[in-house]
Amino acid sequence: MAVNDRLVTPKNKNGLQSADEMQLTKKDFPWWMVAIGVIIAATFWLIQVSPDFKDAFEIIRAGLGVTITTTICAYSIAVLIGLVVGLGRVSESVVWRNISTIYVEVIRGIPLLVLIFFIALVLIPGLTTALSALGSLLTDIGLEGIGAKLAAIENKSIPMNARAIISLAITYGAFSAEIFRAGIQSVSKGQMEAARSQGMSHWQAMRHVILPQAIRNVLPALGNDLISMLKDSSLVSILAVRDITQIARLYAGHSFRFAQAYSILCVLYLTLTLVLSLIVKLIERKMSNERK
Amino acid sequence: MNENNAPMIEVKNLSKSFGTLEAVHGISLKVFPKQVLVIIGPSGSGKSTLLRTMNWLEQPTEGEVFVDGISLWENQYRINDIRSNIGMVFQNFNLYGHLTVTENITLALRIVKKIKKEDAQRIAMQQLMKVGIADKADYYPSQLSGGQQQRVAIARALAMEPKVMLFDEPTSALDPEMIKEVLDVMQLLVKEGMTMVIVTHEMGFAKAAADEIIFMDMGKIVERAAPEVFFEHPACERTQQFLSQILKH
Ligand SMILES: Nc1ncnc2c1ncn2[C@@H]1O[C@H](COP(=O)(O)OP(=O)(O)OP(=O)(O)O)[C@@H](O)[C@H]1O
Ligand SMILES: [Mg+2]
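Just so it is clear, the model here is predicted, and its values are computed rather than measured. (Residues numbered from 1 in each chain as written. Chains lettered and ligands numbered in written order. Predicted model: local features only at pLDDT ≥ 70, side-chain atom pairs only at ≥ 80, totals over all residues. Heavy atoms only, no water.)

(A) Structural view of helix H9 (residues 160–186) of chain A. Under the 1.5 Å per step criterion, the end-to-end length of H9 of chain A is 39 Å for 27 residues, consistent within 8% with the ideal 39 Å. Counting buried positions along H9 of chain A yields 21 of 27 residues, so the element is predominantly enclosed. (Helix = DSSP H or I, 4+ residues; strand = E, 2+ residues; numbered from the N terminus. Expected span 1.5 Å × (residues − 1). Buried < 20%, exposed > 50% of the residue type's maximum accessible area, 1.4 Å probe, protein only.)

(B) View of the side chain of Ser-50 of chain A. Residue and element names in this part refer to chain A. Along the chain, Ser-50 falls in the loop between helix H3 (31–49) and helix H4 (51–61). Take Ser-50: its relative accessible area is 16%, and that puts it in the buried class. Engagement of the side chain of Ser-50 in a polar contact is seen with the backbone nitrogen of Phe-53, the distance being 3.2 Å. (Polar contact = N/O pair within 3.5 Å; in protein donor to acceptor, adjacent residues only side chain to side chain.)

(C) Broad picture of the pairing of strand E8 (residues 195–199) of chain B. Residue and element names in this part refer to chain B. A large share of E8 lies buried, amounting to 5 of its 5 residues. Alternating residues of E8 divide into Thr-195, Val-197 and Val-199 and Met-196 and Ile-198, and every residue in both groups is buried. With 4 bridges joining them, strand E3 (residues 36–40) and E8 adopt parallel strand pairing. From the neighbouring strand, Val-36 faces E8, where its bridge partner is Met-196. With 5 bridges joining them, strand E7 (residues 164–168) and E8 adopt parallel strand pairing. Residue Val-164 lies in a different strand from E8, and its bridge partner there is Thr-195. (Pairing = 2+ DSSP bridges.)

(D) The arrangement of the sheet that holds strand E5 (residues 70–71) of chain B in detail. Strand order in this open sheet of 4 strands is E2-E1-E4-E5 (chain B), and the pairing throughout is antiparallel. Of all the strands in the sheet, just strand E2 (21–31) and E5 of chain B have a single pairing partner and so form its edges.

(E) Representation of the interface of chain A and chain B within the structure. Listed by partner, the interface residues are 21 residues for chain A and 26 residues for chain B. Applying the counting criterion to the chain A and chain B interface returns 1 salt bridge. The partner of Arg-52 of chain B in a salt bridge is Glu-193 of chain A, with the nearest N and O atoms 2.8 Å apart. Across the contact surface, chain A and chain B share 9 residue pairs in polar contact (both at pLDDT 80 or more). Of all the secondary structure elements, the ones that give two or more residues to the side of chain A that touches chain B are helix H10 (189–197) and helix H11 (202–232) of chain A. (Contact = heavy atoms within 4.5 Å. Salt bridge = Lys/Arg side-chain N within 4 Å of Asp/Glu carboxyl O.)

(F) How the structure looks around the sheet that holds strand E6 (residues 86–89) of chain B. Residues and elements named next belong to chain B. Reading across from one edge, E6-E7-E8-E3-E9-E10 is the order of the 6 strands in this open sheet, with mixed pairing throughout. The outermost strands of the open sheet, each flanked by one partner alone, are E6 and strand E10 (220–225). If you compare each strand with its neighbour and ignore which way they point, the axes differ by 15 degrees on average. Relative to strand E9 (residues 212–217), E3 is paired through 4 bridges, and the arrangement is parallel. Looking at E9, one finds that Ile-39 is bridged to Ile-214. Across the sheet, helix H6 (residues 176–192) lies against E3, E7 and E8, angled at about 145 degrees from E8, the strand it touches most. (Axes fitted to C-alpha atoms, helices over the stretch in contact; angles between N-to-C directions.)

Okay, here's the thing in structure tokens:
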């Protein structure tokens, strides 16, 4: 998950990736895709002909919804966090810059698995306790309206699914912040100067000149992050969230059909990531065609 | 020149340091309305730095800058407002890469000057006609030649109806055959009486267009004179040396 080295975009004078530069590498016939397609097809054929495989598949499939919604929700929040923190990283304010840097560095220095444990089992319970304590305090001083509402927040009232999403979002927020930062810095300084020289404020220049170009530059990197997030969402199974990984584990555990359960799990992830990367490629191609 | 007018730009005893390096040292100058000031000098002599203090892209370490009588130091809080009256053209054009030629011109009109879309587009078209590039209105900057890009950049600055235009080596990034088309546009502005400060190495243009020429070296003004005097009888040895170098090729 080396976020920094992922973003190596060639650029022209305006800091933009031109269509020709993107298509410099000669296209091979996608044999790899054919091979993966064969593996996927073979597995689905097995599911058709083997009752054991069919049984495993029917059960594990039930987790697809959780895997996909967890990924999409966590990713959307992560991109928002990333945008805000990424802007913070290049902000003119020392305070914002430092807060953003601390966040990014802390998250990047801790393994994802450990972060999930910490956020879901320490940070969120800590916050709920603090909130309900604040609620009691407010009730005591007479603000019963919000007081009662806050006091009613309990640790239990936040389901594991939500905690999983928050954990992934906070973690990936730091990664996408780095992507946005690199994207903003990939836009040449002259763009900001030109905008400022015309009388735009720093924020107007950011919003109308820098960000549109930065986001275009980082779209591939953001797409890759979505794919990573989909795979890393398997880690939330340790919170007993019933995604495909968790269900496969449970199924394998009591049926002892390890081979069936885990081959199907692999193929499910492979299918999902393949579909996602095709979508990402399609969007990239569309963007580069628009610039012609 | 009408020296009794108030100066459009006045720089007083201005210095700018980057860390320990003093890029500009104790410079004072005035540019009166409709006057063209050309700044020349070797690389690293502080020309860009001086020019960029005139719209506060560079904040001086010492001294004062007045634009149309307004002290930039004292009016930093409304610097955006002030900048919208100062056009700037850069060596690398700096057109907004994600926007078409028209959008490049209308963006600041719309968000800085709050002009309606249709009006902004009309203004853009007028300016594009003036710089002779109206047929490229819907192109992206990357589809234009350097000369065309620079003319769009000039149109973009002019559309804001600036009181003064600053040029930082506007032809230095251009292939030789494109230099003329940009200089022609600038010459047109001179004729129209635009107040301009121009950093350039184009001596022919300087001779023809300038009311005054300033020669800078090591952050200081070495010599200032009207173009005829400057080119025919430069007083300082450093100027003579520079001119003989640059005019050789
Ligand atoms: N942002 C900066 N940080 C540090 N040093 C700078 C910065 N901008 C300029 N300088 C230094 O200040 C000095 C003057 O630079 P300036 O760009 O004003 O020169 P110039 O006369 O415009 O040169 P050129 O003809 O190469 O454009 C140079 O030594 C340069 O390295
Ligand atoms: Mg310069």
